[in-house]
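What follows is each chain in one-letter form.
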Amino acid sequence: MADSDYLRSVRAQYEDFPYPPRDPADERNRLIPTHIDLLAKINHFCYAGGRDFRKNFRALVAGAGTGDSVIYLAEQLRSTNAHIVYLDISQASMAVAQERAKIRKLSNIEWENASILDLPKLGIAPFDYINCCGVLHHLANPDAGLKALEAVLAPGGAMGLMVYGTHGRVGVYQMQELLRRLNGDEPDMRVRIAEARALLEQAPPTNWFKRSESKHDDHIAFGDAGLYDLLLHSQDRAYTVDECYEFVEQAGMRLSSFAYLPYLYKPETFLYNPALIERLAQRTRREREAIAELLSGKLARHFFFAAREGNTNASLSDASLIPFFRSREAGDTIRADIAADGASFDISTPEAVFSSQATPLKRILFELIDGRRTIGEVRTELVTRLRSKNALPAPVDVARELAEILDLLVQGDLLFLRTRGSFIPEM
Ligand SMILES: C[S@@+](CC[C@H](N)C(=O)[O-])C[C@H]1O[C@@H](n2cnc3c(N)ncnc32)[C@H](O)[C@@H]1O
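Residues numbered from 1 in each chain as written. Predicted model: local features only at pLDDT ≥ 70, side-chain atom pairs only at ≥ 80, totals over all residues. Heavy atoms only, no water.

### A few points about the site of the ligand
For step 1, the next point in the chain: Near the ligand lie 19 residues; those nearest to it are Gly63, Asp88, Ser115, Ile116 and Cys133.
For step 2, the next point in the chain: One of the side-chain nitrogen or oxygen atoms of Asp88 is found 2.6 Å away from an oxygen atom of the ligand.
For step 3, the next point in the chain: Ser115 is positioned with one of its side-chain polar atoms (N or O) 3.1 Å from a nitrogen atom of the ligand.
For step 4, the next point in the chain: Within the complex, 93% of the 600 Å² of free accessible area of the ligand lies under protein.
For step 5, the next point in the chain: Class assignment of the residues belonging to the shell around the ligand gives a composition of 11 nonpolar, 5 polar and 3 charged. (Near = heavy atom within 4 Å. Polar contact = N/O pair within 3.5 Å; in protein donor to acceptor, adjacent residues only side chain to side chain. Areas by Shrake-Rupley, 256 points an atom, 1.4 Å probe, with all protein chains shown as cover. Nonpolar A, V, L, I, M, F, W, Y, C, P; charged D, E, K, R; others polar.)

Have a look at this one:
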C-alpha cells in the first residue's frame, strides 16, 4: 500500500478509532442488518430480481471498517460457495472485523489490508457486487476511488454505495468549521475531542448543529470514535442528489435506484396538495428526487445502487415476477393489522408509518402474496375471489390499486420481486 494511495490523517484516525466501534463479543447475541445489503433487496435492485446466489457469487466490501456489511453478507451467504472480500486501510478496524467473523465461524471472507486505489492491481477481481458505504467521501479524490471500484466490477455487476448528503448535514458542516477554527491545528486527537465535547455542551440551542443534533447522534451513540468521525474528520465532503448522479456517471455507470427507503426521494411523500403533486409528476425522476431532497431537508446520507447497465431494477409491471415480503414477520404484521381494524391499517417503516384504507382487495391481496405466486397469478386470483364476493371493482381500478400498494411496499423496503429462476438463501 503506497502512501499516495490513501490519506495519512484518515488512516491515522481509523487506526485509533475504528468505525463504527463494535465489541466482537456481541456477535454471540445479535446480527446487525445493514441498510442495503439484504440479498433480497440487492437481487431486486441490482439484478432485476434474477440472481441465483448459489452460483459463484463474488462480493467486495471496500472500506469495510469494523465489518457490519461484510458480516451481514457473509452470514446470508454462509450456505453457498460465495466469496466475500473485506478491504480497508485500517489494520485496527480489520482486526475487529476478523474477530467478529471468527466468533461467528464464518470462513467465506478474504481479508485485504489495502487501499481502494490499489484494487485494480491486487489481482482479486472481478466482483458481482461491491459495497462501499461511507468511504469515498473521505478520499482525496472520490472520483478516482469510484473509478478504481468500477475497474474491478464484473460484467452485469452492481454497486451499493453511500455518500453523505449535503442538505441533510448543514448543521454538521457548520460545527465542523467551528471546531476547525477552535482547535484545527491541535495535533493531539484526544485534546480536540475533549474541547469539542466542552464546546458542544455550551453551544446555544439556536446553533444549527444543536438544532439537528437528534438526527446526528454519532458523538453520543458511538462515543469518541463517533464524535471524531462526525465532527473532526480531516477529509469529508457531501453530495446532492444531482451530484450523486454525476459522481456515478463520471465512473462510467448509471444510478439505478436510491437504496434505503426510496419513498424518501419522492416529493409526494411530503406533499398532499393535488395541484402541486400533479405539477411535479411531469418532471424527470432525477429532478423529482432532487426536489424531494430539498423538501425533506433530512437526507444526511444517500444510499444508492449503481451499475454500468443503467436500470437494473425489477419492474412491478412485469407480471412474471414473484412478490415476497422481506421477512415472514413483515407480512404477518400487515396481515394482522388489516384483519384487526375494519377501516384502515398501518404500513410501518423505519422513517414513517403509512396509514392505508382497508379495502376488500387489500385484505385478499396480502393473503395472496406468499412468495410463490407471480404478480400475474396474484392478479388473476384476486379478481376470482373478489368476484365470488360480489366485490369486484372495475378492472382498471384493480390494476391501479394493486400497483399502488405493491409500489408503496417496495418503496418502504418491505417487499421485493424475484424471478422464478432466482435463488436467495434463507438464513
Ligand atoms: C466511516 S468508516 C465506514 C466503515 C464501513 N463501510 C461501514 O459503513 O460501517 C470509513 C472506512 O473507510 C476506510 N478507508 C478510508 N480510506 C480508504 C481507502 N483509500 N481505501 C480503503 N479503505 C479506506 C477507513 O479506514 C474506514 O474504516
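Let us keep going from here.
### Some thoughts on the domain arrangement of the protein
For step 1, the next point in the chain: On domain assignment, one finds that the protein holds domain 1 (3-166 + 238-307), domain 2 (168-231) and domain 3 (322-418).
For step 2, the next point in the chain: In this structure, domain 2 and domain 3 have C-alpha centres spaced 45 Å apart. (Domains from an automatic or database assignment.)

### Things to note about helix H1 (residues 8-16)
For step 1, the next point in the chain: Residues Val10, Arg11, Gln13 and Tyr14 constitute the buried set of H1. Down the axis of H1, the sector holding all buried residues measures 160°, keeping them to one side.
For step 2, the next point in the chain: On the buried face of H1, the contacting elements are helix H4 (91-103), strand E3 (109-113), helix H8 (189-202) and helix H11 (223-231). (Buried < 20%, exposed > 50% of the residue type's maximum accessible area, 1.4 Å probe, protein only. Helix = DSSP H or I, 4+ residues; strand = E, 2+ residues; numbered from the N terminus. Arc of directions from axis to C-beta. Contact = heavy atoms within 4.5 Å.)

### With respect to the sheet that holds E3
For step 1, the next point in the chain: Spatial strand order, E3-E2-E1-E4-E5-E7-E6: 7 strands in an open sheet with mixed pairing. Two strands close off the open sheet at either side, each with one partner strand: E3 and strand E6 (254-258). On average, each strand axis in the sheet is tilted by 20° relative to the strand beside it, whichever way the strands run.
For step 2, the next point in the chain: Of the strand pairs in this sheet, E6 and strand E7 (residues 301-307) are connected by 4 bridges, and their pairing is antiparallel. Note on E7: the bridge partner recorded for Ser257 is Phe305.
For step 3, the next point in the chain: Against the sheet, helix H12 (residues 241-250) makes contact with strand E5 (153-164), E6 and E7, and its axis sits at roughly 140° relative to E6, the strand it touches most. (Pairing = 2+ DSSP bridges. Axes fitted to C-alpha atoms, helices over the stretch in contact; angles between N-to-C directions.)

### Considerations on the packing of aromatic side chains
For step 1, the next point in the chain: Inspection of every chain in the model, using the stated rule, returns 16 aromatic pairs.
For step 2, the next point in the chain: Ring geometry for Tyr19 versus Phe222: centroids 5.6 Å apart, planes at 85°, classification edge-to-face. A residue pair is termed long-range when its members are at least 10 positions apart, and Tyr19 in the loop between H1 and helix H2 (39-46) and Phe222 in the loop between helix H10 (218-221) and H11 qualify at 203 residues.
For step 3, the next point in the chain: Given the relative accessible area of 22%, Phe222 is considered partly exposed.
For step 4, the next point in the chain: Every member of this aromatic cluster is reached through a ring pair, and the members are Tyr245, Phe258, Tyr265 and Phe304.
For step 5, the next point in the chain: Over the face of the ring belonging to Tyr164 we find Arg169, whose NZ or CZ atom lies 3.4 Å from the ring centre.
For step 6, the next point in the chain: Its guanidinium or amino end placed over the ring of Trp208, Arg211 lies 4.1 Å from that ring's centre, counting from NZ or CZ. (Phe/Tyr/Trp six-rings, centres within 6.5 Å; stacked < 30°, edge-to-face > 60°. Lys NZ or Arg CZ within 6 Å of the ring centre and 35° of its normal.)

### What to know about the side chain of Asn43
For step 1, the next point in the chain: For Asn43, the position within the fold is in helix H2.
For step 2, the next point in the chain: In this structure Asn43 comes out as buried when scored by relative accessible area, which is 0%.
For step 3, the next point in the chain: Excluding its chain neighbours within four sequence positions, the residues that come into contact with Asn43 are Ala48, Gly49, Gly50, Arg51, Phe53, Leu417, Arg418, Ser422 and Ile424.

### Quick word on helix H14 (residues 285-296)
For step 1, the next point in the chain: The terminal C-alpha atoms of H14 lie 16 Å apart, and with 12 residues this matches the ideal 16 Å at 1.5 Å per residue to within 8%.
For step 2, the next point in the chain: In the segment just after H14, Gly297 is the residue with positive phi, at about 70°. (Expected span 1.5 Å × (residues − 1).)

### Regarding unusual backbone geometry
For step 1, the next point in the chain: Of note, the amide linkage connecting Tyr19 to Pro20 takes the cis form, showing an omega dihedral of -15°.
For step 2, the next point in the chain: Structurally, Pro20 can be placed in the loop between H1 and H2.
For step 3, the next point in the chain: Put simply, Ala125 and Pro126 share a cis peptide bond, and its omega is 0°.
For step 4, the next point in the chain: Despite not being glycine, Ala48 shows a phi value in the positive range, around 50°.
For step 5, the next point in the chain: Tracing the backbone shows Ala48 in the loop between H2 and strand E1 (58-62).

### As for the layout of surface pockets
For step 1, the next point in the chain: Approximately 800 Å³ is the volume found for the second largest pocket.
For step 2, the next point in the chain: Along the walls of the second largest pocket sit 22 residues, with Phe324, Phe325, Arg326, Ser327 and Glu426 positioned nearest its centre.
For step 3, the next point in the chain: Of all the secondary-structure elements, those providing two or more residues to the lining of the second largest pocket are H2, strand E8 (322-325) and helix H15 (328-340).
For step 4, the next point in the chain: In terms of residue count, H15 provides more of the lining of the second largest pocket than any other element does, 3 residues in total.
For step 5, the next point in the chain: Partitioned by chemical class, the residues of the lining of the second largest pocket number 10 nonpolar, 5 polar and 7 charged. (1 Å grid on protein atoms, 1.4 Å probe; cavity = no way out; pocket = protein on both sides within 12 Å on 5 of 7 lines; lining within 4 Å. Points joined across faces, edges and corners; volume = space filled by probe spheres on them.)

### So, the side chain of Asp68
For step 1, the next point in the chain: When you line up the elements, Asp68 lands in helix H3 (residues 68-76).
For step 2, the next point in the chain: Taking the relative accessible area as the measure of exposure, Asp68 reaches 13% and is therefore buried.
For step 3, the next point in the chain: Polar side-chain contacts of Asp68 include one of 2.8 Å to the side chain of Arg100.
For step 4, the next point in the chain: Beyond its immediate stretch of four places on either side in the chain, Asp68 contacts Pro20, Arg22, Ile32, Thr34 and Arg100.

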